[in-house]
Amino acid sequence: MHIVIVYHFTRNSVKHINIYHNEVGFLCSLYIVHWFTFNPHMSHPDIEFLSNDYSSLTSRSLQDRIALGSRILRSNKYFWQIRIDQYDDQSDPAFGIASYDICKDQRLGQDSKSWCMYIDHQRSWFMHNNQHRTRLNRGIQHGSVVGILVDFETKVLKFFLDDQEHGTMKLIDLQENEIYYPAVSLNKNVHVTLLTDVK
């Protein structure tokens, strides 16, 4: 059993309590869902926005290009989801966090300034500083939803695929005084939509 309780609203965020039941008992976790969008001024020029609110995007290039979200991530826990609106079964988009000055003409995770999970139609990997870790089976298809939970207290990224847990990545080399942003990398064969109004 998995219950999500929304218990506090502010202008730009909503706090969720997750209550999980397992064989031992109930486990409780708290995270903050912030409303934000992708920022065209902090994204590669090849990124093409498909909606007026900058929540849906693709790329004009066959090469990976990076888009950053508008929300600053500093501390606490943050959660957002990305829906796959178009997918060709060949590309491997990546989802995670990055600093502002990341090189945006590459895949997330290829330098020391980003952490991500990249995923194709069969499997996924975690990547940071161009090092691949933890191959997991299960991939994406049209309509899949990828969830990203970043926890700066425990320095981990947790991923979810269609509401099921899909692995945890340690934020190795995370700089405590650095500012990070939600991030995605993709090519022209992938269209995605950012979902921050999580129910």
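Everything below is about the structure shown above.
Everything numeric in this text was worked out from a predicted model, so none of it was measured.

About the cut-offs
- Residues numbered from 1 in each chain as written.
- Predicted model: local features only at pLDDT ≥ 70, side-chain atom pairs only at ≥ 80, totals over all residues.
- Heavy atoms only, no water.
- Pairing = 2+ DSSP bridges.
- Helix = DSSP H or I, 4+ residues; strand = E, 2+ residues; numbered from the N terminus.
- Axes fitted to C-alpha atoms, helices over the stretch in contact; angles between N-to-C directions.
- Buried < 20%, exposed > 50% of the residue type's maximum accessible area, 1.4 Å probe, protein only.
- Salt bridge = Lys/Arg side-chain N within 4 Å of Asp/Glu carboxyl O.

**Quick notes on the sheet that holds strand β15 (residues 180-186)**
Reading across from one edge, β6-β15-β8-β9-β10-β11 is the order of the six strands in this open sheet, with antiparallel pairing throughout. Of all strands in the sheet, those bounded by a partner on one side alone are β6 (65-68) and β11 (131-137). Neighbouring strand axes in the sheet, compared pairwise and without regard to direction, differ in orientation by 25 degrees on average. Bridge count between strand β9 (residues 114-119) and strand β10 (residues 123-128): five bridges; the pairing is antiparallel. Looking at β10, one finds that Ile-119 is bridged to Ser-124.

**Observations concerning the pairing of strand β5 (residues 56-59)**
Here β5 shows a buried face lined by Ser-56 and Thr-58 and a second buried face lined by Leu-57 and Ser-59. One ladder, built from three bridges, connects strand β4 (residues 47-49) with β5; its direction is antiparallel. The residue bridging Ile-47 from the neighbouring strand is Ser-59, located in β5. Remark: six residues form the turn of the hairpin made by β4 and β5, two consecutive strands paired antiparallel; Tyr-54 in that turn has positive phi of roughly 65 degrees. Bridge analysis of β5 against strand β16 (residues 191-195) gives two bridges, and the strand direction is antiparallel. Each residue of the ladder has a partner; that of Ser-56, found in β16, is Thr-193.

**Structural notes on the pattern of salt bridges**
This model, assessed by the stated rule, comprises eight salt bridges. A salt bridge links Asp-151 to Lys-77, with the nearest nitrogen and oxygen atoms 3.7 Å apart. You can see Asp-151 sitting in strand β12 (residues 145-151) and its partner Lys-77 sitting in strand β7 (residues 77-86), a full 74 residues away along the chain. A relative accessible area of 8% places Asp-151 in the buried class. Put simply, Glu-176 and Lys-155 hold a salt bridge, and the shortest N to O gap is 3.3 Å. In this pair, Glu-176 sits in the loop between β14 (164-170) and β15 while Lys-155 sits in the loop between β12 and β13 (156-161), placing the two residues 21 residues apart along the sequence. A relative accessible area of 65% means that Glu-176 is categorised as exposed. The structure contains a network of salt bridges with shared partners spanning Asp-64, Asp-92 and Arg-107.

**Some thoughts on unusual backbone geometry**
Although it is not a glycine, Asp-89 adopts a positive phi angle of roughly 70 degrees. Looking at the secondary structure, you find Asp-89 in the loop between β7 and β8 (94-99). Under the relative-accessibility criterion, Asp-89 is labelled partly exposed at 36%. In the Ramachandran plot, Arg-138 falls in the positive-phi region, its phi being about 95 degrees despite a non-glycine side chain. Tracing the backbone shows Arg-138 in the loop between β11 and β12. When its relative accessible area of 32% is taken as the criterion, Arg-138 is described as partly exposed.

These values are about where atoms sit, not about what they do.
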